Every structure is written in structure tokens, then in C-alpha cells.
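Results of the structural survey
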Amino acid sequence: MRVGVVTIFPDFVKVIKDYGVIAQAVENGLIDIEIFNLRDFTTDKHKVVDDYPYGGGPGMVMKPEPFFRFFEFYSQKYGKPYVLLTSPQGRRLTNNFAQELASKEHILIICGRYEGIDERVSHFVDEEVSIGDYVLTGGELPAMVVIDAVSRFVPGVVEEESVKNDSFYNDLLDHPHYTRPREIEGLKVPEVLVSGNHEEVELWRRKESLKKTMLKRPDLFIKHTFDELDKKALISLFRELMSNAQ
Ligand code: 4GX
């Protein structure tokens, strides 16, 4: 998958390529992340990328010309990407949206700063994406969040099983995890996990997922479609509760 980013702070965004599974994926050629400095596409001596808003008002607006020059250069070089603009007005990033984006072979993310970008740049934009309802100082962190969430769905970046077990993938939250030692300061690993009984382990994990989702995210729980293991787990959970209450 090819990912392009255009920003006035390329050094800030670059670190996304340097850590963890994304660094490995870049090294293995699964994802190609290329970051461009918008200022390289200005023509004036001072490399100005912003200007006063027509109609007045506070703050500055990003000038359209550097973006137009950048798109000209970029599409000449790589063809037409699926263009994303990070903005609080965009479609909210979810795991499903990230998976959808991972199916594209080529995306380009535009990072806005200041009050926003001259509206005419939207001519090139396929979709606006927001990472949540809060206001940031720029689109760089959202671009990095999008790259991170999308990369996990690129085949080979993380184990497929691991993606499927994650919170949200099946609209349930993840179950608890344990590793060695068996006991620390009196806190023990649940017996079932060391039992070696795979079926019992799966049932326990599903029960924990359902319990956690019900308590922490009732909105997700209500929307969930229950499969056979869910039903078995819920009944077992209910039985446990009832016998504790007796
Ligand atoms: N999820 N911001 C972008 C400037 C801007 C405004 C309008 C384009 C259009 C944000 C978010 C976010 C702040 C990044 C404003 N660029 N982006 N920036 N939340 O708050 O994505």
C-alpha cells in the first residue's frame, strides 16, 4: 500500500515510520509512506503557505496554490490517489473506516493547519476524516492516527488473528490478557487460562468480553449480534451470577 502525506511539519510526521510494527512493515515493503513538505511547493522567497481570510475574521487560511502545485507534481509521479483531508468536520474514524481505507492501494493525506484550507482545495479531496470531536492544532496527529489504524489492516502487518481478536473488530471489547508469572503479589492468573482446555479458555474469554462490553460500552453491547458462543457465554455468565446471589 502506498501512503502519501503533505504537511508543513514533515519532521513531526516522519516518526510514524520509525517505531514498532509500522517500521517493520515499511522495512518489509508492505507499506510505502512518503511525506512531503508543502513549503517545497511554494514559489515565493519566504515559502509562505498561509494568508488572511477573505471577509475578515481571526486566524489564517492555508493558501491554495502550494496544494495545486503539489497535486500536479504528485499525480504526475504516482497517479491518482484516494485523497483524505484531516478535519474536525470529517467522517469519524472507526475500525471499520480504517479497514475500508486499507483496501485502497494508494491514499494521500492532507494535513491542515490554522483555521483551515482554502475551500477550492476540496476539489481534490475524496473524503474528510476526523479522529474525534475535539479541536487540535493541526492535521498531523490525525494523519498519523489514520496511518496507524489503517496499517493494522494491511495484510502481513499484524497477525490476522490478532486483528480479529481486537476490541471493536466484532463490536465487542477485548478480553483481559495475562502472561507470566502465574502469581505476583498475591494476584493470580485465572485458573482456566493455565488449564490447557482450549474450549474452556474460549468460553471464558468471550464471557469476559461480553461482561466488559456490557458494563463499559452498553451502546456496543446492544448493537451486537450474538453468535452461538455468545449465547453459551451469556447463559453461563447469568448462571454464575444467580448462584452467587443465592
Ligand atoms: N480530526 N484539526 C485540522 C485545521 C483544519 C480545519 C479545517 C482542514 C479543515 C482534527 C480532528 C482537528 C484541527 C485538524 C483543525 N484543516 N482533524 N485543523 N479532530 O481537530 O481531524
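Look a little higher up for the structure.
Below is a summary of the structure that appears in this document. Small disclaimer: the values here were computed from a predicted structure and weren't measured. Residue positions are counted from 1 within each chain, in the order its sequence is given. For a predicted model such as this one, the threshold for reporting local features is a pLDDT of at least 70, and the threshold for listing and counting side-chain atom pairs is 80 or more; totals across whole chains, interfaces and linings nevertheless cover every residue. Only hydrogens and water are set aside; all other atoms, that is, all heavy atoms of the structure, feed into the side-chain values.

Comments concerning the pattern of salt bridges
Think of a salt bridge as a Lys or Arg side-chain nitrogen and an Asp or Glu carboxyl oxygen that are within 4 Å of each other. Considering all chains together, one arrives at 20 salt bridges under this definition. Of the charged contacts, one joins Arg-113 and Glu-140 as a salt bridge, the two residues approaching to 2.9 Å between their closest N and O atoms. One end of the pair, Arg-113, is in the loop between β6 (106–111) and β7 (127–130); the other, Glu-140, is in helix α5 (residues 140–151), with 27 residues separating them in the sequence. Glu-140 matches Arg-113 in its accessibility class, with the two residues each being buried. One continuous salt-bridge network, built from bridges that share partners, spans Arg-91, Glu-100 and Glu-127. A run of DSSP states H or I qualifies as a helix once it reaches four residues; a run of E qualifies as a strand once it reaches two. Both are numbered from the N-terminal end. Only protein chains enter the area calculation, which uses a 1.4 Å probe; residues under 20% of their type maximum are buried, those over 50% are exposed, and those in between are partly exposed.

As for the layout of surface pockets
In this analysis the probe radius is 1.4 Å and the grid spacing 1 Å, with only protein atoms considered; a cavity is a set of points the probe fits into but cannot get out of, a pocket is an open set with protein on both sides within 12 Å along at least five of seven lines, and lining residues have an atom within 4 Å of a point. Grid points are joined across faces, edges and corners, and a volume is the space filled by probe spheres set on the points. Reported here for the largest pocket is a volume of approximately 500 Å³. Lining the largest pocket we find 26 residues, and of these Thr-86, Ser-87, Pro-88, Glu-115 and Gly-116 sit closest to its centre. Where the lining of the largest pocket is concerned, the elements lending two or more residues are β5 (82–92) and β7. Broken down by element, the lining of the largest pocket gets its largest block of residues, five residues, from β5. For the lining of the largest pocket, a count of residues per class yields ten nonpolar, eleven polar and five charged. Classification used: nonpolar for Ala, Val, Leu, Ile, Met, Phe, Trp, Tyr, Cys and Pro, charged for Asp, Glu, Lys and Arg, polar for all others including Gly.

Some remarks on the nonpolar core
In this structure, Val-3, Val-5, Leu-84, Ile-109 and Val-146 are the most contacted members of the largest nonpolar core, which totals 32 residues. Secondary-structure elements contributing two or more residues to this core are β1 (2–7), α2 (20–27), β2 (32–37), β5, α4 (95–102), β6 and α5. Examining the composition of this core, we find that six residues originate from one element, α5, more than from any other. The contact rule is simple, with two residues in contact once any of their heavy atoms fall within 4.5 Å. Those residues in contact with Val-146 that lie beyond four places of it in its chain are Leu-84, Leu-93, Leu-101, Ile-109, Val-129 and Ile-131. Think of a nonpolar core as a cluster: buried Ala, Val, Leu, Ile, Met, Phe, Trp, Tyr and Cys residues, connected wherever their side-chain atoms sit within 4.5 Å. Listed in part, the 18 residues of the second largest apolar core include Met-62, Phe-71, Val-83 and Leu-108.

A short note on the site of the ligand
Any residue with a non-hydrogen atom lying within 4 Å of a molecule or strand is treated as near it. Around the ligand, 18 residues are found, and the nearest of them are Ser-87, Ile-131, Gly-132, Tyr-134 and Leu-136. In protein, a polar contact means a hydrogen-donor-capable atom and an acceptor-capable atom, both N or O and within 3.5 Å, with residues adjacent in sequence counting only if both atoms are side-chain atoms; elsewhere, any N or O pair within 3.5 Å suffices. Between Ile-131 and the ligand, the recorded distance is 3.0 Å, taken from a backbone N or O atom to a nitrogen atom. Within the backbone of Leu-136, a nitrogen or oxygen atom sits 2.9 Å from an oxygen atom of the ligand. A 1.4 Å probe and the Shrake-Rupley method give the accessible areas. Residues count as covered only by the protein chains that appear here. About the coverage of the ligand: the protein hides 94% of its 460 Å² of free accessible area.

Digging into the sheet that holds β7
Spatially, the five strands line up as an open sheet ordered β2-β1-β6-β5-β7, and their pairing is parallel. Edge strands, defined here as strands with exactly one partner in the open sheet, are β2 and β7. Ignoring which end each strand starts from, the neighbouring axes of this sheet average 30° apart. Two strands pair when backbone bridges link them, and β5 and β7 are joined in this way by five bridges, in the parallel orientation. Bridge pairing in β7 links Arg-91 to Val-129. At least two bridges found by DSSP between two strands are what make those strands a pair. For every element, the axis is a line fit to its C-alpha atoms; helices are fit only across the contacting stretch, and the angle between N-to-C directions ranges from 0 to 180 degrees.

Let's talk about the side chain of Ser-130
Considering the arrangement of structural elements, one finds Ser-130 in strand β7. The class of Ser-130 is buried, set by a relative accessible area of 3%. Of the polar contacts made by the side chain of Ser-130, one reaches the backbone nitrogen of Gly-132; its length is 3.1 Å. Among all residues touching Ser-130, those that are not within four sequence positions of it are Ser-87, Pro-88, Gly-90, Arg-91, Arg-92 and Leu-93.

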